[in-house]
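# Fold and contact review
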Amino acid sequence: MSSTRLFIGDAHIPYHSRSAMDAVLRLAARTRPAEIVILGDWLDCNQFSQHPKTLHEDRDRELKRDLELAVDYLSGLRKCCKRIVYLEGNHEYRLNRWLARHEAASIAGFVSLEEHLKDAVGVEWIPYRANTKRRALYRVNSHTIAVHAWAEGVMAPWTHIRNSCGNSVIYGHTHRLEMICQGRVTGGHPITAVSAGCLCSLQPWWASGKPTNWVHGAVLMRETKKAEQIIPVLIQKGEAIVL
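The notes below deal with the structure included here. (Residues numbered from 1 in each chain as written. Predicted model: local features only at pLDDT ≥ 70, side-chain atom pairs only at ≥ 80, totals over all residues. Heavy atoms only, no water.)

## A closer look at the pattern of salt bridges
As a reminder of what qualifies: Just to be clear on terms, a salt bridge is a Lys or Arg side-chain nitrogen sitting within 4 Å of an Asp or Glu carboxyl oxygen. Put simply, DSSP marks the helices as runs of H or I at least four residues long and the strands as runs of E at least two long, and each gets a number from the N terminus on. Exposure categories follow from relative accessible area, calculated using a 1.4 Å probe and restricted to protein chains: below 20% of the type maximum is buried, above 50% is exposed, and the middle band is partly exposed.
Across all of its chains, the model carries nine salt bridges by this definition. For Glu35, the salt bridge identified is with Arg5, shortest N-O distance 2.9 Å. Separated by 30 residues along the polypeptide, Glu35 in strand 2 (residues 35–38) and Arg5 in strand 1 (residues 3–8) bring together distant segments of the chain. When sorted by exposure, Glu35 lands in the same class as Arg5, which is buried.

Right, here's the structure in full:
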């Protein structure tokens, strides 16, 4: 008996890549995972940023339109699995910060991303907790965790292993598809750190002056009684390629 989990994130709707998102929907339909874990930043929430990407059209974009898109994609994924776990990312957390800056906490329940996505798709929401070092953390099994991110630079894989207290860790935020695997002196499951890439535009217009090193991707986890595989998935030209 085996089970499969799918880890995806950083779609940054409405700056998502349609071809990458469609590839993930096909991957989910093909693998039929028991669980899909959203690693955060599914929504960009640029409307609430202190550093807007533009001064005009995106700031006027309604959150309602972005939420409808997000729900459409999540609903497509929901047809392929029994459970969706959603780790709030730093971009979703922009809304909380905006409410705090404008002293509007009293209306938080009326504009809650958590409540909207729970009602619309039935996600299990893991809050960001940006005021602590642990932030959003989801325990996948006894030796693997998923987080939005604890680091983003070139040393991110090593930082995640160092901070994971002996757990393997699957993370987002870096927009890169990267993986390191470290054996244990005592044997048993090796410690793995793997980033799931992203599902947003690889060269968004607002970053046109600075080329990115982003990669479309995802992560699959396959578990049996005897073994566990953590498998990076590269998405190229609209196709998911299991590495």
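Resuming the write-up.
## Observations concerning the packing of helix 2 (residues 63–78) against helix 4 (residues 113–121)
To be explicit about the condition: Interaxial angles span 0 to 180 degrees and are taken between N-to-C directions of axes, which are lines fitted to C-alpha atoms, for helices over the stretch in contact. These descriptions rest on fixed angle ranges, namely under 35 degrees for roughly parallel, over 145 for roughly antiparallel, 65 to 115 for roughly perpendicular, and the rest for oblique. For a crossing to be left-handed, the near helix must be turned anticlockwise from the far one by less than a right angle; the clockwise case is right-handed. Contacts are assigned to residue pairs with any non-hydrogen atoms lying within 4.5 Å of each other. Residue polarity is assigned by list, with Asp, Glu, Lys and Arg as charged and Ala, Val, Leu, Ile, Met, Phe, Trp, Tyr, Cys and Pro as nonpolar; anything else, Gly included, falls into the polar class.
Helix 4 packs onto helix 2 with a crossing angle of 40 degrees between their chain directions and a minimal axis gap of 10 Å. Overall, the two elements helix 2 and helix 4 adopt an arrangement that is oblique. As helix 2 runs across helix 4, the sense of the crossing is right-handed. Packed against helix 2, whose contacting residues are Leu63, Leu67, Val71, Leu74, Ser75 and Arg78, the element helix 4 presents Leu113, His116, Leu117, Ala120 and Val121 at the interface. When grouped by side-chain class, the residues that make up the contact of helix 2 with helix 4 number eight nonpolar, two polar and one charged.

## Overview of the sheet that holds strand 10 (residues 217–223)
Backbone-to-backbone hydrogen bonds join strands into a sheet, with any given pair of strands oriented parallel or antiparallel. Note the cut-off: At least two DSSP bridges between two strands are required for those strands to pair.
The strand order across the open sheet built from seven strands is 4-3-2-1-10-11-12, with neighbouring strands paired in mixed fashion. Of all the strands in the sheet, the pair left with one neighbour each is strand 4 (124–126) and strand 12 (239–242). Going from strand to strand, the sheet's axes swing by 20 degrees on average, the running direction of each strand aside. With three bridges joining them, strand 3 (residues 83–87) and strand 4 adopt parallel strand pairing. In the sheet register, Val85 faces strand 4, and the bridge partner there is Glu124. Contacts between helix 1 (residues 18–31) and the sheet are confined to strand 1, strand 2, strand 10, strand 11 (228–236) and strand 12, with strand 12 contributing the most and set at about 55 degrees to the helix. The strands touched by helix 2 are strand 1, strand 2 and strand 3; relative to strand 3, the strand with the most contacts, the crossing angle is about 140 degrees.

## Regarding the packing of aromatic side chains
The criterion, for reference: Classification of ring pairs uses Phe, Tyr and Trp, with its six-membered ring standing for Trp, and accepts pairs whose centres are within 6.5 Å; under 30 degrees between planes counts as stacked, over 60 as edge-to-face, and the remaining range as tilted.
Here the structure, examined in full by the defined rule, presents two aromatic pairs. When the ring of Tyr86 is compared with that of Trp125, the centres are 4.8 Å apart and the planes differ by 15 degrees; the resulting orientation is stacked. Note that Tyr86 is positioned in strand 3 and Trp125 in strand 4, a separation of 39 residues in sequence. On the basis of relative accessible area, Tyr86 is assigned to the buried category, the value being 0%. Each ring, one from Tyr93 and one from Tyr128, has its centre 5.1 Å from the other, and the planes form 45 degrees; the classification is tilted.

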